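Here is what each chain is made of, one letter per residue.
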2 protein chains.
Amino acid sequence: MARPKAAATPNRRLQILTQAASLFRSNGFNATTMRQLAEQLGIEAASLYNHISSKEELLREICFNVANEFNTQLATVQLQELSPLQKLEAILRFHIGMLLSRPDDVYVSNRDWKHLKEPWLTNFLTQRRQYEHQLADIIQQGIDRGQLRPLQPPVAVLGLLSAVRSIEYWQRSKRPIGGTQAVDDLITLLLKGVSN
Amino acid sequence: MARPKAAATPNRRLQILTQAASLFRSNGFNATTMRQLAEQLGIEAASLYNHISSKEELLREICFNVANEFNTQLATVQLQELSPLQKLEAILRFHIGMLLSRPDDVYVSNRDWKHLKEPWLTNFLTQRRQYEHQLADIIQQGIDRGQLRPLQPPVAVLGLLSAVRSIEYWQRSKRPIGGTQAVDDLITLLLKGVSN
DNA sequence: CCTACCGATCGGTAGG
DNA sequence: CCTACCGATCGGTAGG
């Protein structure tokens, strides 16, 4: 009676999602096949569809999970009484923390969102635009108070967020970059870059 | 006798390459089909193979063309008598110039190199590692001379190069970012970030 | 440069 | 969760 593998663990769906993020990250969304994903989990491709409804649904869940986390943190920061520079630091550190703790999810959501279908594609992009707009506002406030350099806020926002993503490559070398010092160095580079 | 379309222009291959870069950029390498590419050029998919030997060959040519340009410029800068900071500025400005003048090629070579086949994949990655190593050396020299902040050079290299790529998103908003001022703002952000 | 076509592979379904 | 399978589509070739 006992089924040797594929126990009906309730978080089977979570396992699928985790493996999908890992494969999407290494091979890209399109280059990842449902057969590869199934093989990683020790089941047949057809069996995946008892837990999910489509390949795109996996991508959708990854992207919106990540987006929700970033939105929630930003909302929290906005409620705190911090200077623009302090808010910026808290946000950048959160981005770095996400990249370090959930690299697959964040990486996939940053790169493969293009393959979302409507209406989710539009929804995702709208959320991201609003997020970046809030960051630009924080920077503008810092400039107005003389705390930050008079840079065009959209240029600074994109530059900062893009630089933070360089963490993706920290694992690449023989002796991997990392540790508290590396994080602080990156933060220093960015905050000194915008500060007056 | 006159063929109405598809004149035997000698740079037909160049047209294919240009269109391929454009499609690869918008849709990704895997999601771009040879039928799409052919349609853009007004010919049948099979006809492409009179000018190229495979889809991957297109990617290969894009990636190595870009790599060659960056390597050549770096070699030139290294021969000039400039301070580390001046070298850095020249290099970053060249990156920005490439992103602005040939966005499709640079974008594709930055993202889709994963789909290169061996031995080109290894060759490409080796070239890139050597390029980044040279940048790290320049930064280390700047630190030794007290001109730059004591940041871990690999962290700074990846952060700077990644930030420069944010230019890819400058076209995205309603009133696109751009112009000399935007470039100078980005340069300021980065150079002030690393300078002592 | 085209017509005709192929083997491979894909995401997904039927039915148990 | 599996076997069996399908329609669609892909990169590429044969032969002109």
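Caption draft 1: Representation of the confidence of the model for chain A in the model. Confidence along chain A averages 94 in pLDDT terms, with 95% of residues attaining 70 or more. Below a pLDDT of 50 lies the segment residues 1-7 of chain A, which in the model reaches four contacts outside its immediate sequence neighbourhood of four places, other chains included.

Caption draft 2: Structural detail: the relation of the copies chain B and chain A. Overlaying chain B on chain A yields an RMSD of 0.0 Å, the required transformation being a rotation through 180° with an accompanying axial translation of 0.0 Å. Both copies of the chain, as the preceding transformation shows, are related through a two-fold rotation axis. With an isologous cut-off of 70% or more, the 100% of interface residues of chain B that recur at the interface of chain A puts this contact in the isologous class.

Caption draft 3: Fine view of the domain arrangement of chain A. Residue and element names in this part refer to chain A. Structurally, chain A comprises domain 1 (12-50) and domain 2 (55-194). On a C-alpha basis, the centroid separation for the pair domain 1 and domain 2 is 27 Å. Facing the 14 residues of domain 1 at the interface are 17 residues of domain 2. Together domain 1 and domain 2 conceal approximately 1400 Å² of surface at their shared face, both sides included; 62% is due to carbon and sulfur atoms. A per-residue breakdown of the area domain 1 buries against domain 2 is headed by Leu-17, Arg-25 and Phe-29, which together make up 50% of the total. Put simply, domain 1 and domain 2 have three salt bridges between them. For Arg-25, the salt bridge identified is with Asp-104, shortest N-O distance 3.1 Å. On the surface where domain 1 and domain 2 come into contact, there are eight residue pairs in polar contact (both at pLDDT 80 or more).

Caption draft 4: Main features of the pattern of salt bridges. Residues and elements named next belong to chain A. All chains considered together, the criterion is met by 20 salt bridges over all chains. Here Asp-105 ties to Arg-102 by a salt bridge, and the two come within 3.1 Å at their closest N and O atoms. Taking relative accessible area as the criterion, Asp-105 reaches 17% and is therefore assigned buried. With a closest N to O distance of 3.1 Å, Arg-111 and Asp-112 form a salt bridge. Note on accessibility: Arg-111 and Asp-112 belong to one class, buried.

Caption draft 5: Quick look at the packing of helix α4 (residues 84-101) of chain A against helix α6 (residues 120-144) of chain A. Residue and element names in this part refer to chain A. Across the interface, α4 lies against α6 with an axial gap of 8 Å and an inter-helix angle of 145°. Touching Pro-84, Lys-87, Leu-88, Ile-91 and His-95 of α4 are Tyr-131, Leu-135, Ile-138, Ile-139, Gln-141 and Gly-142, all from α6. A per-class count over the contact of α4 with α6 returns seven nonpolar, three polar and one charged.

Caption draft 6: Summary view of the packing of aromatic side chains. Enumeration according to the criterion identifies ten aromatic pairs over all chains in this entry. Where A:Phe24 meets A:Phe29, the ring centres are 5.1 Å apart and the plane angle is 70°; that geometry is what we call edge-to-face. For the residue pair A:Phe24 and A:Phe29, the accessibility class agrees, reading buried in each case. With centroids separated by 5.7 Å and ring planes inclined at 90°, the aromatic side chains of A:Phe70 and A:Phe94 adopt a geometry described as edge-to-face. Within this pair, whereas A:Phe70 is found in helix α3 (residues 55-79), its partner A:Phe94 is found in helix α4, the two being separated by 24 residues in sequence. Note on A:Phe94: relative accessible area 24%, which makes it partly exposed. Among the aromatic residues, those joined into a cluster by ring pairs are A:Phe64, A:Trp113 and A:Phe124. Lying over the aromatic face of B:Trp120, B:Arg60 brings its terminal NZ or CZ to 3.8 Å of the ring centre.

Cut-offs applied
- The written sequence of each chain sets the order in which its residues are numbered from 1.
- Whichever chain is written first becomes A and whichever ligand is written first becomes 1, with later ones labelled in order.
- The predicted nature of this model means local features are confined to residues of pLDDT at least 70 and side-chain atom pairs, given and counted, to a pLDDT of 80 or more, with totals for whole chains, interfaces and linings taken over all residues.
- With hydrogens and water set aside, each side-chain value is computed from the structure's full complement of heavy atoms.
- Looking at any residue, its pLDDT shows the predictor's confidence there, from 0 to 100.
- Only heavy atoms enter the contact rule, under which two residues are in contact if any of them lie within 4.5 Å.
- The atoms used to superpose the copies are C-alpha atoms, taken from residues with pLDDT of at least 70 in both, and the fit is least squares.
- Segmentation into domains, and thus their bounds, comes from an automatic or database assignment.
- Throughout, buried area stands for the accessible area (probe radius 1.4 Å) lost by two parts on being put together, summed over both.
- Here a salt bridge means any side-chain nitrogen of Lys or Arg lying within 4 Å of a carboxyl oxygen belonging to Asp or Glu.
- Distance and chemistry together define a polar contact, namely a pair of N or O atoms within 3.5 Å, with one atom able to donate a hydrogen and the other to accept it when in protein, and with adjacent residues in sequence counting only for side-chain atoms on both sides.
- Each residue's exposure class comes from its accessible area (1.4 Å probe, protein chains only) as a fraction of the maximum for that residue type: buried when under 20%, exposed when over 50%, partly exposed otherwise.
- Axis geometry follows a simple rule: fit a line to the C-alpha atoms, using only the stretch in contact for helices, then measure angles between N-to-C directions, giving values from 0 to 180 degrees.
- Helix and strand assignments come from DSSP, with helices taken as H or I runs of at least 4 residues and strands as E runs of at least 2, each series counted from the N terminus.
- Amino acids are sorted into nonpolar (Ala, Val, Leu, Ile, Met, Phe, Trp, Tyr, Cys and Pro), charged (Asp, Glu, Lys and Arg) and polar (every other residue, Gly among them).
- Aromatic contacts are taken between Phe, Tyr and Trp rings whose centres are within 6.5 Å, Trp giving its six-membered ring; a plane angle under 30 degrees counts as stacked, one over 60 as edge-to-face, and the others as tilted.
- Throughout this description, the term charge over a ring refers to an Arg CZ or Lys NZ atom that lies within 6 Å of the ring centre and within 35 degrees of the ring normal.

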